[in-house]
Amino acid sequence: MINNLFKMASVLKSISASSVARVTLIFLILNSSFFLSSCGIYSFSGTNLSPDLKTFSVINFTMGTAGGPANLPQRLTEQLKEYFQKNTSLTILPSGGDLILEGSITGYDVTPAATTANDQAGLNRLNVTVQVRFTNGKDETKNFDQSFTYYADFPQEQTLDQNEARLLPTIQENLIQQIFNKSAADW
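Quick notes on the rules
Residues numbered from 1 in each chain as written. Predicted model: local features only at pLDDT ≥ 70, side-chain atom pairs only at ≥ 80, totals over all residues. Heavy atoms only, no water. Helix = DSSP H or I, 4+ residues; strand = E, 2+ residues; numbered from the N terminus. Buried < 20%, exposed > 50% of the residue type's maximum accessible area, 1.4 Å probe, protein only. Contact = heavy atoms within 4.5 Å. Bend = angle between axes of the 7 residues up to and from the residue. Salt bridge = Lys/Arg side-chain N within 4 Å of Asp/Glu carboxyl O. Core = buried A, V, L, I, M, F, W, Y, C linked by side-chain atoms within 4.5 Å. Phe/Tyr/Trp six-rings, centres within 6.5 Å; stacked < 30°, edge-to-face > 60°. Lys NZ or Arg CZ within 6 Å of the ring centre and 35° of its normal.

**A word on the environment of Thr65**
With respect to the secondary-structure elements, Thr65 resides in the loop between strand 2 (62-63) and helix 3 (72-87). The exposure class of Thr65 is partly exposed, given its relative accessible area of 22%. When near neighbours in sequence (up to four residues on either side) are disregarded, Thr65 contacts Ile105, Thr106, Gly107 and Tyr108.

**So, helix 4 (residues 160-183)**
At Arg166, helix 4 shows its strongest bend, of approximately 40°, with the proline Pro169 following within four residues. Asn163, Glu164, Leu167, Leu168, Ile171, Gln172, Leu175, Ile176, Ile179, Phe180, Asn181 and Ser183 are the residues of helix 4 that are buried.

**Some words on the pattern of salt bridges**
One pass over the full model with this rule turns up 2 salt bridges. The salt bridge partner of Arg125 is Asp153, with a shortest N-O separation of 2.7 Å. Taken together, the residues span a long stretch of sequence, with Arg125 in strand 5 (residues 121-136) and Asp153 in strand 6 (residues 144-155) at a distance of 28 residues. Using a relative accessible area of 22% as the deciding quantity, one classes Arg125 as partly exposed.

**Comments concerning the nonpolar core**
Among soluble globular proteins, nonpolar side chains are generally buried collectively. Leu80, Leu101, Leu126, Val128 and Val132 are the most contacted members of the largest nonpolar core, which has 31 residues in total. Within the residue set of this core, elements represented by two or more residues are strand 1 (55-58), helix 3, strand 4 (99-115), strand 5, strand 6 and helix 4. Residue contributions to this core peak at 7 residues, all from helix 4. With residues up to four places along the chain from it excluded, the contact list for Leu101 reads Ser57, Val58, Ile59, Leu80, Phe84, Val132, Arg133, Phe134, Ile179 and Ser183.

**Looking at the packing of aromatic side chains**
Where two aromatic rings form a pair, the distance of their centres and the angle of their planes describe that pair. Here the structure, examined in full by the defined rule, presents 6 aromatic pairs. Judged by centre distance (5.2 Å) and plane angle (25°), the ring pair of Phe134 and Phe144 falls under stacked. Of this pair, Phe134 sits in strand 5 while Phe144 sits in strand 6, and the two are 10 residues apart along the sequence. Each member of the pair Phe134 and Phe144 is classed as buried. One aromatic cluster is present, built from ring pairs that chain together Phe56, Tyr83, Phe84 and Phe180. Its guanidinium or amino end placed over the ring of Tyr151, Arg125 lies 3.8 Å from that ring's centre, counting from NZ or CZ. The positively charged end of Lys182 is found above the aromatic ring belonging to Phe144, 5.4 Å away from the centroid.

Okay, structure coming up:
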């Protein structure tokens, strides 16, 4: 028995450090791939979509409130389509997709955001609210009809017209992220 231990020790001494590192690396890679594949549905883009979902549709959003640029619903619709195409493997259809998004802009308001010592607005806030109906044709438990709101502030001494072009891209980007997270990432 003691002779066997001495033989094993001499064999282990002869293995170089680089060989041990290679074996360890291979072991880690194999284990990592096992754990990722055993997790079920996983995506590096953060989506939590079932593999039987193949298509999506974004029905043109409408303007359900006064105010705001007339092309805001169209821009929101197109940006949602692009975001889904970039971040999922789903194919877009004009209508009848496995996932369907539709909605309306229900709020476009400017409100005071911060008051000064004189009880005047120090900042104004542009709030945009979108009501979204999401239908999952493969799993009705994922369906929702929900309102999403995002805002951006601008100085009180400036008008909305002076800031709208600068604020809207950020607001739209955040609204789209919220809608995507709720519908595709299931957050």
